[in-house]
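Single-letter residue listing:
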Amino acid sequence: MAATLTFLGGAGTVTGSKYLIETGGARVMIDCGLFQGYKQLRLRNWSGPPVDPASLDAIILTHAHIDHSGYLPVMVREGFKGPAYCTEGTQDLCDILLPDSGYLHEREADYLNRHKLSRHDPALPLYTQKQAERATKQLKPIEFDTPFEAAPGITVCFRRAGHILGAAIVEVDAGGRRIVFSGDLGRPDNPTMLDPAQIKRADYLVVESTYGDRRHDRADAEDALADVITRTARRGGTVIIPSFAVGRAQTLLFHIHRLKSDGRIPKDIPVFLDSPMAIDATELFERHVGEHKLSRAECTAAFGTATYVHEAEDSKALDNGAMTKIIISASGMATGGRVVHHLKHYVGDARNTILFAGFQAGGTRGAAMVRGASEIKIHGAWHTVRAEVANLHMLSAHADAGEIMDWLGHFDAPPRMTFITHGEPDASDALRLRIQDELDWDCLVPEHQSKAQLT
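Residues numbered from 1 in each chain as written. Predicted model: local features only at pLDDT ≥ 70, side-chain atom pairs only at ≥ 80, totals over all residues. Heavy atoms only, no water.

Colleague: Mind showing me how you'd approach the packing of helix α6 (residues 221-234) against helix α7 (residues 248-261) here?
Modeller: In helix packing, the relevant descriptors are the interaxial angle and the interaxial distance, both defined with respect to the helix axes. Taken N-terminus to C-terminus, the directions of α6 and α7 make an angle of 75 degrees; their axes are 10 Å apart at the nearest point. Viewed along their axes, α6 and α7 adopt a mutual orientation that is roughly perpendicular. Along its contact with α6, which presents Ala221, Glu222, Leu225, Ala226 and Ile229, the element α7 presents His255, Ile256, Arg258 and Leu259. Its residues placed into classes, the contact of α6 with α7 shows six nonpolar, one polar and two charged. (Axes fitted to C-alpha atoms, helices over the stretch in contact; angles between N-to-C directions. Helix = DSSP H or I, 4+ residues; strand = E, 2+ residues; numbered from the N terminus. Parallel < 35°, antiparallel > 145°, perpendicular 65-115°, else oblique. Contact = heavy atoms within 4.5 Å. Nonpolar A, V, L, I, M, F, W, Y, C, P; charged D, E, K, R; others polar.)

Here's what the structure looks like:
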């Protein structure tokens, strides 16, 4: 019995991951992510579900990042009633991330309405915090390496991806074929996360290509971080780190703690973790010892290096005074959250540094700043960029092109077809060429909404 695979997101872009598998009347969606970045992509979030939510037997989440899970509240609101299978770590993170996402949608709509900055009257949230909380009730955790029936004739198994807490490679057996979804692949030898599992067999493979056209800087992450912090401190400036709340914030705290302990940055420079979501994720990290490389004692020491900022008024107070400090705040691409308010305050002063720590999707403030934009637009107004802007690519939680190729090298035989997704067009095509040239595999970069017959 043949299966069909439809690419409903994550094709031609690094966001909005959604894949539909159909076989024998069963329908399962792999990932349920929000589109982010360019406006033409974000508008897809508002055009309605790409399939009838009520027709789905199940949704499978590779991990909790919003570009993989953030559309679930819309699907539930519009009629999806089945289970959303994921790992326990992903469930725990989604319990944090999805309501926070709904809250941010509500807050942004409220801000636009109060300041009359939207062309829509009124501006509405994509979904609310309550709708997101309702969606989390349909999450059903499954242990790693434990096959389960997601729908009649469709069996699924989660393998470790190493990207963030709970992240999974998804093996799907459907229609007599095995389809493997890499999800977001982590990096080998990551200081905090476990290595990705080695996969031996797939009839069809869907592999990410976020960094498919480049290699991460091999410079030592702590050397680079120490350089940025010390030179900013000498100027009397502040380091603002827009950070992904899950994974990246915890890795940054780990490195900063080590730098302070070794005396490589001033021991008295205050560090603030200014993101309720990152704080919750950090505490969750401590509860999942064994799911990552840090011991409980290492978690306590590393995460204790920062002052946690819970309240909005305390966050605003960080922008008062000229004290040198480090502020780690979401979001990682500077698209929303508290970090945007810090950018408004600090980006115009050459003493300060805006330090990014990973991939910046096209169309985001982060991407514009890393490319050297002289101005950025925040809340309808333009702000001159005088602060130093840097990006520590080596801190990325995504495998680079070489690391993806190494992971592919563990397959016992070539898949019938390898679909290259979750990347900007240049990155996906570069990885396609490399896989074809070095492994002699059949590859395809699918287009948005294209369909493949898995015979």
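Colleague: Could you clarify how one ought to interpret the environment of Val340 in this entry?
Modeller: Along the chain, Val340 turns up in helix α11 (residues 338-346). Expressed as a C-alpha distance, the spacing of Val340 and Leu439, which sit 99 residues apart in the sequence, is 44 Å. Filtering out sequence-adjacent residues up to four positions away, Val340 remains in contact with Ala334, Thr335, Arg365, Ile378 and His379.

Colleague: Can you walk me through unusual backbone geometry in this structure?
Modeller: Between Asp121 and the following residue, Pro122, the backbone shows a cis peptide bond with an omega angle of 0 degrees. Along the polypeptide, Pro122 turns up in the loop between α4 (88-114) and α5 (129-136). Going from Ala330 to Ser331, the amide bond is cis rather than trans, its omega being 15 degrees. The backbone of Ala334 shows a phi angle near 60 degrees, a positive value even though the residue is not glycine. Position of Ala334 relative to the elements: it lies in the loop between β15 (326-329) and α11. With a relative accessible area of 0%, Ala334 lands in the buried category. The phi dihedral of Asp440 falls on the positive side, at around 60 degrees, and the residue is not glycine. Assignment of secondary structure puts Asp440 in the loop between α14 (425-439) and β21 (443-444). (Buried < 20%, exposed > 50% of the residue type's maximum accessible area, 1.4 Å probe, protein only.)

Colleague: Teacher, can you tell me more about the layout of surface pockets here?
Modeller: Here the idea is plain: a probe the size of a water molecule rolls over the atoms and shows the empty space left. Roughly 440 Å³ of internal volume is contained in the second largest pocket. Forming the walls of the second largest pocket are 26 residues, and the residues nearest its centre are Arg187, Asp189, Asn190, Pro191 and Met394. Mapped onto the lining of the second largest pocket, the elements with two or more residues apiece are α6 and α7. The element contributing the most residues to the lining of the second largest pocket is α7, with four residues. Here the residues of the lining of the second largest pocket sort into ten nonpolar, seven polar and nine charged. (1 Å grid on protein atoms, 1.4 Å probe; cavity = no way out; pocket = protein on both sides within 12 Å on 5 of 7 lines; lining within 4 Å. Points joined across faces, edges and corners; volume = space filled by probe spheres on them.)

Colleague: Could you clarify how one ought to interpret the sheet that holds strand β9 (residues 168-174) in this entry?
Modeller: In sheet architecture, strand pairing relies on hydrogen bonds along the backbone and comes in two forms, parallel and antiparallel. Strand order in the open sheet formed by seven strands is β7-β8-β9-β10-β11-β20-β21, with mixed pairing between adjacent strands. Whereas interior strands pair on both sides, the edge strands pair on one side only; in this sheet they are β7 (148-151) and β21. The pairing of strand β20 (residues 417-421) with β21 spans two bridges and is classified as parallel. Within β21, the position partnered with Phe419 by the bridge is Leu444. Of the strands in this sheet, β9 and β11 (204-208) touch helix α13 (residues 401-408), which is tilted by about 160 degrees from β11. Packing against the sheet, α14 makes contact with β11, β20 and β21, and its axis sits at approximately 155 degrees to β20. (Pairing = 2+ DSSP bridges.)

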